[in-house]
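# Summary of the model geometry
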There are 2 protein chains.
Amino acid sequence: VTVAELGERELVARIRRRLDAEALAAPTLVIGNGDDAAVVASKRNRQIVLTVDAQVEGVHFERRFSTLEDIGARAVAVNVSDLAAMGATPRWLLLSLVLPASCFVDEVERLVGGVASEARVYGASVVGGNVTSSPGPTIVDITAVGDVRPRRALPRGGGRPGDLLYVSGTVGGAAAGLEMLQAGDRREPISACVARYRRPIARVRLGRAMSDAKAARAAMDLSDGLADAAAQLSEASGCGLELEAGSIPIDAEARDWWNGRQRDPLEAALAGGDDYELLFAVPRNSGGRLRHVAQRVATPGLTRIGRLTKDRGAWLLRGDGRRDPLPRGYEHFREGEGD
Amino acid sequence: VTVAELGERELVARIRRRLDAEALAAPTLVIGNGDDAAVVASKRNRQIVLTVDAQVEGVHFERRFSTLEDIGARAVAVNVSDLAAMGATPRWLLLSLVLPASCFVDEVERLVGGVASEARVYGASVVGGNVTSSPGPTIVDITAVGDVRPRRALPRGGGRPGDLLYVSGTVGGAAAGLEMLQAGDRREPISACVARYRRPIARVRLGRAMSDAKAARAAMDLSDGLADAAAQLSEASGCGLELEAGSIPIDAEARDWWNGRQRDPLEAALAGGDDYELLFAVPRNSGGRLRHVAQRVATPGLTRIGRLTKDRGAWLLRGDGRRDPLPRGYEHFREGEGD
């Protein structure tokens with residue numbers, strides 16, 4: 001059955017049943033799905049954090065590389081990652097679906113199932129949305145709403161010269177995973193890099209712990225790669241930056257993949273997007289606070305990779321003392337692919 | 001210059017400048033455009049109201065019928081109308097743009113200008129958003145966030161048998177205006193119906209006044225037409241309904257338009273969408289409260305058009321005593337056009 005055959009009302013009713021069945025019952029939800037708008041009760045003394053991100057078929061995802069559940073889950077994770085980068089707690093999601101009329105209803109239900117189960121992972125609830133037909137590709141546009149204690153949000157531009165740069169987890173895995181899929185590489189058991197590309201993990205607990213502990217002054221997620229995030233954070237902070245090439249925590253499997261293809265793993269890992277790790281600017285005297293965070297949030301771990309500088313350039317420090325300009329990451333419209 | 005030639009970063013910078021120049025400076029905005037997410041401060045003791053709606057080129061709008069400023073403004077108004085239907089006050093907007101790479105930058109700026117100026121009309125601020133490329137049509141997806149006093153939101157399902165149904169303003173104007181455009185009718189000065197289709201007005205002050213005065217138990221906007229809204233409100237309320245054919249406030253110019261084409265103005269006005277007036281279910285003893293609202297909000301006025309019934313049918317009462325089943329409105333995917 002296609003969505004054109006089923007019609008909007010019944011489609012919306014099925015989506016709603018799927019969300020009600022899978023999503024958390026939101027204790028904060030006053031009026032939910034199916035009304036003109038959703039009404040939610042925010043906690044006292046919290047600021048509201050708002051973000052939106054659209055995933056377009058053929059631009060941000062391909063049906064041959066990901067299941068529909070993956071696509072729905074990923075659309076949630078990339079939005080929740082933006083909240084995590086602010087130190088916020090995800091609370092509510094709005095799901096705006098743009099669908100070709102030829103789309104099958106069971107496909108939509110699987111995609112929505114991925115949205116609902118991923119929302120549950122982060123303790124967020126899908127409280128509303130919209131469905132519309134389009135002559136173009138399938139688009140999953142999600143608005144994520146969270147909250148944060150006043151004056152605890154982690155902006156991009158909060159860094160100061162001398163702050164140390166820390167990145168969570170490892171980098172390059174998702175980009176290598178996408179390359180494996182594009183190359184038709186079908187290793188079994190499935191590569192951790194591929195899993196990482198398909199199902200990124202938003203670092204909500206880490207972002208919140210850094211905010212709670214006042215350990216960081218600025219933060220940003222790595223949606224467009226580490227080089228891009230570092231450059232954007234430093235520019236927004238009115239600083240330059242130095243990254244130490246030898247310190248970048250490149251994913252081990254990704255390193256092997258690029259080494260096997262005569263490519264520089266460092267360059268590929270710096271440019272590769274989709275990791276959704278977090279980058280933090282941490283004042284130099286924050287060692288105790290960082291240890292406190294590490295005790296609260298054991299994974300994914302934090303690695304010191306460089307620092308913000310007064311000088312406005314963006315540099316990569318090599319082990320041999322050379323200093324190369326830091327390459328920039330992916331930009332929409334201009335290049336063909338990425339996020 | 002196309003967006004492909006300009007690139008994402010410079011495009012986003014231009015959009016941001018346009019929003020900063022035209023939109024209200026939001027006193028509630030803590031961290032704004034350009035960060036991972038926007039941080040806003042909600043008023044004390046308010047519930048948050050969330051809604052999203054996508055406008056797709058070729059489905060919800062046509063470049064030959066509306067200017068780009070109209071398209072941007074309309075995308076704001078239809079979302080703000082959903083907040084108005086809850087009795088909420090609009091506060092913040094997120095603008096998610098999906099653009100073909102061949103789109104011209106000055107076109108995007110005009111569209112964003114329409115978004116910004118319409119946001120200002122309602123006292124809302126565009127605090128964030130997203131831009132992405134797509135091989136498909138232009139899509140303007142807006143998330144509107146408002147607030148409302150606790151227990152004052154007006155749900156669809158709050159009506160009770162015996163409640164009187166009131167509609168704001170007149171109905172059918174926007175549908176007739178769209179037909180005039182489709183028919184190539186180029187009357188000068190421009191038809192009020194066409195203006196209404198291009199630039200709907202969200203009834204924010206009326207919705208809020210009805211909520212403040214506790215004059216209504218349920219409300220809904222007329223995005224898909226009066227017949228559809230009445231049926232949905234009564235179903236959500238577990239009621240049936242009767243509309244009095246002679247009471248429906250059909251737009252005078254629309255009536256002339258349909259009369260001139262041998263079409264029944266009542267049927268056309270009931271089915272016609274895009275008016276964005278509000279429908280209210282009002283308890284029978286609320287006369288004093290309604291008068292209070294009418295004193296506070298002089299336009300667009302309210303007309304009593306029928307009532308909710310215990311019997312679950314949806315009926316249209318004719319002047320001659322006949323009772324016809326109420327026709328339903330537009331449904332996405334199944335039919336070719338509408339909202």
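For the structure itself, look to the data block above.
Predicted model, so just to flag it, every value in this text is computed and none were measured. (Residues numbered from 1 in each chain as written. Chains lettered and ligands numbered in written order. Predicted model: local features only at pLDDT ≥ 70, side-chain atom pairs only at ≥ 80, totals over all residues. Heavy atoms only, no water.)

Time to look at the overall build of chain A. Tallying secondary structure elements over chain A gives 11 helices and 13 strands in all. With the C-alpha coordinates of chain A rotated into their principal frame, the extents come out at 65 × 50 × 35 Å. If you take every contact in chain A between residues at least 6 apart in sequence, the share linking residues at least 24 apart comes to 84%. When the accessible surface of chain A is summed, it comes to about 12,700 Å², and 46% of that surface belongs to carbon and sulfur atoms. Taken as two groups, the 45 positive and 45 negative side-chain charges of chain A have centres that lie 9 Å from each other. (Helix = DSSP H or I, 4+ residues; strand = E, 2+ residues; numbered from the N terminus. Contact = heavy atoms within 4.5 Å. Areas by Shrake-Rupley, 256 points an atom, 1.4 Å probe, with all protein chains shown as cover. Lys, Arg positive; Asp, Glu negative; His and termini not counted. Charge placed at Lys NZ, Arg CZ, Asp CG, Glu CD.)

Next up on the list: the sheet that holds strand 10 (residues 278-282) of chain B. Residues and elements named next belong to chain B. Reading across the sheet, the seven strands line up as 8-10-7-11-9-12-13 and stay open at both edges, with mixed pairing between neighbours. Two strands close off the open sheet at either side, each with one partner strand: strand 8 (218-221) and strand 13 (323-325). In this sheet, adjacent strand axes meet at a mean angle of 25 degrees when their direction is disregarded. Pairing analysis gives four bridges linking strand 9 (residues 240-244) to strand 12 (residues 314-317), with the strands arranged parallel. Within strand 12, the residue paired with Glu242 across the bridge is Trp315. In the packing of helix 7 (residues 204-212) onto the sheet, contacts are made with strand 7 (164-168), strand 10 and strand 11 (302-309), and the angle to strand 10 comes to roughly 15 degrees. (Pairing = 2+ DSSP bridges. Axes fitted to C-alpha atoms, helices over the stretch in contact; angles between N-to-C directions.)

Moving on: the interface of chain A and chain B. Every contact between the two is made by 75 residues of chain A and, on the other side, 75 residues of chain B. The contact between chain A and chain B buries some 5,500 Å² in all, and 56% of this surface belongs to carbon and sulfur atoms. For the pair chain A and chain B, the number of links is four salt bridges. The partner of Asp228(A) in a salt bridge is Arg9(B), and the shortest N-O contact between them spans 2.5 Å. The tally of links from chain A across to chain B stands at 19 residue pairs in polar contact (both at pLDDT 80 or more). Ranked by residue count, the leading element in the side of chain A that touches chain B is strand 3 (residues 47-56) of chain A, at nine residues. Of the residues in the side of chain A that touches chain B, the class split is 40 nonpolar, 17 polar and 18 charged. Sheet topology note: the strand 3 of chain A/strand 2 (residues 38-40) of chain B ladder contains three bridges and is antiparallel. In the sheet register, Leu50(A) faces strand 2 of chain B, and the bridge partner there is Ala38(B). (Buried area = accessible area lost by both parts, 1.4 Å probe. Salt bridge = Lys/Arg side-chain N within 4 Å of Asp/Glu carboxyl O. Polar contact = N/O pair within 3.5 Å; in protein donor to acceptor, adjacent residues only side chain to side chain. Nonpolar A, V, L, I, M, F, W, Y, C, P; charged D, E, K, R; others polar.)

Our focus in this paragraph is the pairing of strand 10 of chain B. All names here are of chain B. Buried residues dominate strand 10, accounting for five of its five residues. Residues Leu278, Phe280 and Val282 point to one face of strand 10 and Leu279 and Ala281 to the other, with burial holding for every one of them. Two strands pair when backbone bridges link them, and strand 7 and strand 10 are joined in this way by four bridges, in the antiparallel orientation. Counterpart to Val167 in the pairing with strand 10 is Leu279. Here strand 8 pairs with strand 10 via four bridges, running antiparallel. (Buried < 20%, exposed > 50% of the residue type's maximum accessible area, 1.4 Å probe, protein only.)

A few words on the sheet that holds strand 13 (residues 323-325) of chain A. All names here are of chain A. The seven strands are arranged 8-10-7-11-9-12-13 in an open sheet whose pairing can be described as mixed. Edge strands, defined here as strands with exactly one partner in the open sheet, are strand 8 (218-221) and strand 13. Averaged over neighbouring strand pairs, the angle between their axes works out to 25 degrees when direction is ignored. As paired strands, strand 9 (residues 240-244) and strand 11 (residues 302-309) are joined by four bridges and run antiparallel to one another. By the bridge assignment, Gly240 is partnered in strand 11 with Thr309. Along the sheet face, helix 7 (residues 204-212) touches strand 7 (164-168), strand 10 (278-282) and strand 11 and points at about 15 degrees away from the line of strand 10.

A few words on the packing of helix 7 of chain A against helix 11 (residues 287-296) of chain A. All names here are of chain A. Axis separation between helix 7 and helix 11 bottoms out at 9 Å; the angle between their running directions is 145 degrees. Every pair of crossing elements has a handedness; the one defined by helix 7 and helix 11 is right-handed. Residue-level inspection shows Arg205, Leu206, Ala209, Met210 and Asp212 of helix 7 in contact with helix 11, the latter providing Leu290, Val293 and Arg296. Split by residue class, the contact of helix 7 with helix 11 holds five nonpolar, no polar and three charged. (Left-handed = near helix turned anticlockwise from the far one by under 90°.)

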